Amino acid sequence: METSREKHFIVNTMTCLIKACEGYEVQVDLRDNSEVNGLVSHVDGFMNISMSDVTLKTKLGHLIKFEQFFVKSRQIRYVHIPDEIDMWKAMQGVCKTFCRIRAQQRISQSISQAAWSRLAKKEDEVARIENLQERQKTEALTPEGEA
């Protein structure tokens, strides 16, 4: 689950494009001239990438296989986006998902505020009616000439 800060970064930076690569085979070039090829399993809001079934090609050309691999965002030089991903639609889809969540939160918050407002109005109305009934009782008990 992403924090609100991560969601902000995902929606407002190019991280949304890499987030759209989740579930795809991707090549990531690292700053030390090595390459990582594998299935992207998760991308967080800070652009850290978790991958599975990974092959690491070192700068010397050695191939090393890993079941799980974590790439810290600071080490990423370049991410090769697969051709089957339409970048524009992918970015819109990720942004809509996170904006929809935020919109739902706003809606539920406004519904909650409206419910509390209605409840407060009802309580005011009940108090006004009780006050009116109390006044009518006191007027009925006092003789007409004394008031």
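Computed from a predicted structure; not experimentally measured. Numbering of residues starts from 1 in each chain and follows the order in which that chain's sequence is written. A pLDDT threshold of at least 70 governs which residues receive local features in this predicted model, and a stricter bar of 80 or more applies before side-chain atom pairs are shown or counted, although totals over entire chains, interfaces and linings include all residues. Side-chain numbers here rest on the full set of heavy atoms in the structure, without hydrogens or water.

Caption draft 1: Quick peek at the pattern of salt bridges. Whenever Lys or Arg places a side-chain nitrogen within 4 Å of a carboxyl oxygen from Asp or Glu, that contact is recorded as a salt bridge. Summed over the entire model, instances satisfying the criterion amount to two salt bridges. When the shortest N-O distance is used, the salt bridge between lysine 19 and glutamate 22 registers 3.1 Å. Using a 1.4 Å probe on the protein chains alone, a residue whose accessible area is under 20% of its type maximum counts as buried, one over 50% counts as exposed, and one in between counts as partly exposed. Using a relative accessible area of 11% as the deciding quantity, one classes lysine 19 as buried. Overall, glutamate 22 belongs to the partly exposed group, its relative accessible area being 28%.

Caption draft 2: Structural detail: the side chain of threonine 55. Per the convention used, a helix needs a DSSP run of H or I reaching at least four residues, while a strand needs a run of E reaching at least two, with both numbered from the N terminus. Positionally, threonine 55 belongs in strand β3 (residues 49-57). Two N or O atoms form a polar contact when they lie within 3.5 Å of each other; inside protein one atom must be a possible hydrogen donor and the other a possible acceptor, and for residues adjacent in sequence the pair counts only when both atoms belong to side chains. Among the polar contacts made by the side chain of threonine 55, one reaches the side chain of lysine 65 at a distance of 3.5 Å. For threonine 55, the contacting residues outside a window of four places in its chain are Glu35, Val36, Asn37, Leu63, Ile64 and Lys65. It only takes one pair of heavy atoms within 4.5 Å for two residues to be counted as in contact.

Caption draft 3: Local environment of the environment of glutamate 125. Counting through the fold element by element, glutamate 125 comes out in helix α3 (residues 87-141). Given the relative accessible area of 35%, glutamate 125 is considered partly exposed. At 2.7 Å, the side chain of glutamate 125 forms a polar contact with the side chain of arginine 128.

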